[in-house]
Amino acid sequence: MSYALLFPGQGSQRMGMGKELYEEHIEARQILESACEFLDYDLKKIMFEGPEEILTDTIYAQPAIYVCSAMYLEKVKKEGISYSYVAGHSLGEYSALYASGAVSFLDGLALVEKRGRAMGEENGKGCMAAVTGMTEEMLKPIVEAEKDVVIANLNTETQLTISGTEQGIGAVTQVLEAYDEVVVKRLAVSAAFHSPQMKRAANKMRQVIEQTIMHTPSIYMVPNVTGIPTKDIDAIRELLFLQITGQVRWKDSILAIRDAGVEGFYEVGCGRVLKRIHPFILTEPKCYSV
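Residues numbered from 1 in each chain as written. Predicted model: local features only at pLDDT ≥ 70, side-chain atom pairs only at ≥ 80, totals over all residues. Heavy atoms only, no water.

**Focus: helix α7 (residues 105–120)**
- Between its first and last C-alpha, α7 extends 22 Å over 16 residues, near the 22 Å set by a 1.5 Å rise per residue.
- Within α7, 12 of the 16 residues are buried, leaving the element largely enclosed by the surrounding structure.
- Against α2 (26–38), α5 (58–78), α6 (92–99), α10 (199–211) and α11 (233–243) lie the buried residues of α7. (Helix = DSSP H or I, 4+ residues; strand = E, 2+ residues; numbered from the N terminus. Expected span 1.5 Å × (residues − 1). Buried < 20%, exposed > 50% of the residue type's maximum accessible area, 1.4 Å probe, protein only. Contact = heavy atoms within 4.5 Å.)

Printed below as a string of structure tokens:
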């Protein structure tokens, strides 16, 4: 039987993440220790003890989530779970890149560390909100009326995320308040991820991505921007760049993997964010936790 591995993105972090794995699995412990040697700060202390305001800072959250997912991947390997597809939600795409065999663990960590810093420099320059109860077709004209707002994430048919300026998000939220069945909730992020507001961060990452050694993956990876499985490393490289300002087409990604005939999905990382939204996309095959 073959499965797909799904990797969570920013927002899945929590204090104590990976601690149990660190204590019980030598392979997971080696992953975290190698990350701490590579970075110029004590990631283990941040992951295990916080404080929360540091762990939730984009600069530290992104490496913490990537490393924690790599620790859980060691558990997947130890349990003998075979997988032929990988996908990651936003930041989780870098964990998927590593799991596919396209980059080494440390090369992936270097990418994520630089991505976190580039995006962290945009803090305070926008915001995001989750919109539940409205389809993309319904939301699109409302968002397009505000030039500084875009639909950033297509998580399920009726669970979307918008991203943009504080003023623009506020204006869209005011319009959506007239819809009885629609719920809008601000996300705990400090910038307008997956929007044109991230153009400067994307430009900083282009050269970093181009200079990173990457290999043709041994299995299919499903990039956020297209939601289409691929092993084309040149396409994957370009899509990593486009993803910073582009959409996360999560629903399309899951459906594409389903259509490829996998037996099930496993969420690999801290928390159960992806497992919780999975039933709103598919009832079968199911999503499990590692």
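**Here we look at the sheet that holds strand β3 (residues 127–132)**
- Overall, antiparallel pairing links the 4 strands, which are arranged β4-β5-β3-β6 in an open sheet. Two strands lie at the open edges of the sheet, namely β4 (149–154) and β6 (183–186), each paired on one side alone. The sheet shows a mean angle of 30° between the axes of neighbouring strands, taken without regard to direction.
- Relative to the sheet, helix α8 (residues 136–144) contacts β3, β4 and β5 (159–164), its axis offset from that of β4 by approximately 160°. (Pairing = 2+ DSSP bridges. Axes fitted to C-alpha atoms, helices over the stretch in contact; angles between N-to-C directions.)

**A word on the pairing of β4**
- Within β4, 5 of the 6 residues are buried, leaving the element largely enclosed by the surrounding structure.
- Here β4 runs beside β5; their pairing, made up of 5 bridges, is antiparallel. Across the sheet, the residue bridging to Val150 is Ser163, located in β5.
- Hairpin remark: β4 followed by β5, antiparallel, with 4 residues in the connecting loop.

**Considerations on a nonpolar patch on the surface**
- Together, Met138, Val175 and Tyr179 make up a nonpolar patch on the protein surface, roughly 250 Å² of accessible area in all.
- Mapped onto the secondary structure, Met138 falls in helix α8. (Patch = residues over 30% accessible without salt bridge, like charges linked within 9 Å, V, L, I, M, F, W, Y side chains within 5 Å. Areas by Shrake-Rupley, 256 points an atom, 1.4 Å probe, with all protein chains shown as cover. Salt bridge = Lys/Arg side-chain N within 4 Å of Asp/Glu carboxyl O.)

**Description of the pattern of salt bridges**
- Across all of its chains, the model carries 15 salt bridges by this definition.
- A salt bridge links Arg117 to Glu113, with the nearest nitrogen and oxygen atoms 2.3 Å apart. Pair noted here: Arg117 and Glu113 are both in helix α7, with a separation of 4 residues, about one helical turn.
- Salt bridges sharing partners connect three or more residues here, namely Asp40, Glu113 and Arg117.

**Observations concerning the pairing of β5**
- Among the 6 residues in β5, 5 count as buried, and that is most of the element.
- As defined by bridge partners, β3 adjoins β5 across 6 bridges and the pair is classed as antiparallel. Paired with Ala130 across the bridge in β5 is Thr161.

**Some remarks on the packing of aromatic side chains**
- Applying the stated criterion across every chain, the model contains 8 aromatic pairs.
- By the ring-pair criterion, three or more aromatic residues cluster together here, those being Tyr3, Tyr266 and Tyr288.
- Just above the ring of Tyr22 sits the side chain of Arg29; from NZ or CZ to the centre is 5.9 Å.
- Its guanidinium or amino end placed over the ring of Phe241, Arg206 lies 3.6 Å from that ring's centre, counting from NZ or CZ. (Phe/Tyr/Trp six-rings, centres within 6.5 Å; stacked < 30°, edge-to-face > 60°. Lys NZ or Arg CZ within 6 Å of the ring centre and 35° of its normal.)

**Some words on the nonpolar core**
- Grouped together as the largest cluster of nonpolar side chains are 65 residues, with contacts concentrated most on Met47 and Val67.
- Leaving out residues up to four positions away in the same chain, Met47 has contacts with Arg14, Met15, Gly16, Met17, Leu32, Leu55, Ala64, Val67, Cys68 and Met71. (Core = buried A, V, L, I, M, F, W, Y, C linked by side-chain atoms within 4.5 Å.)

The quantities given are spatial measurements derived from coordinates; they are silent on function.
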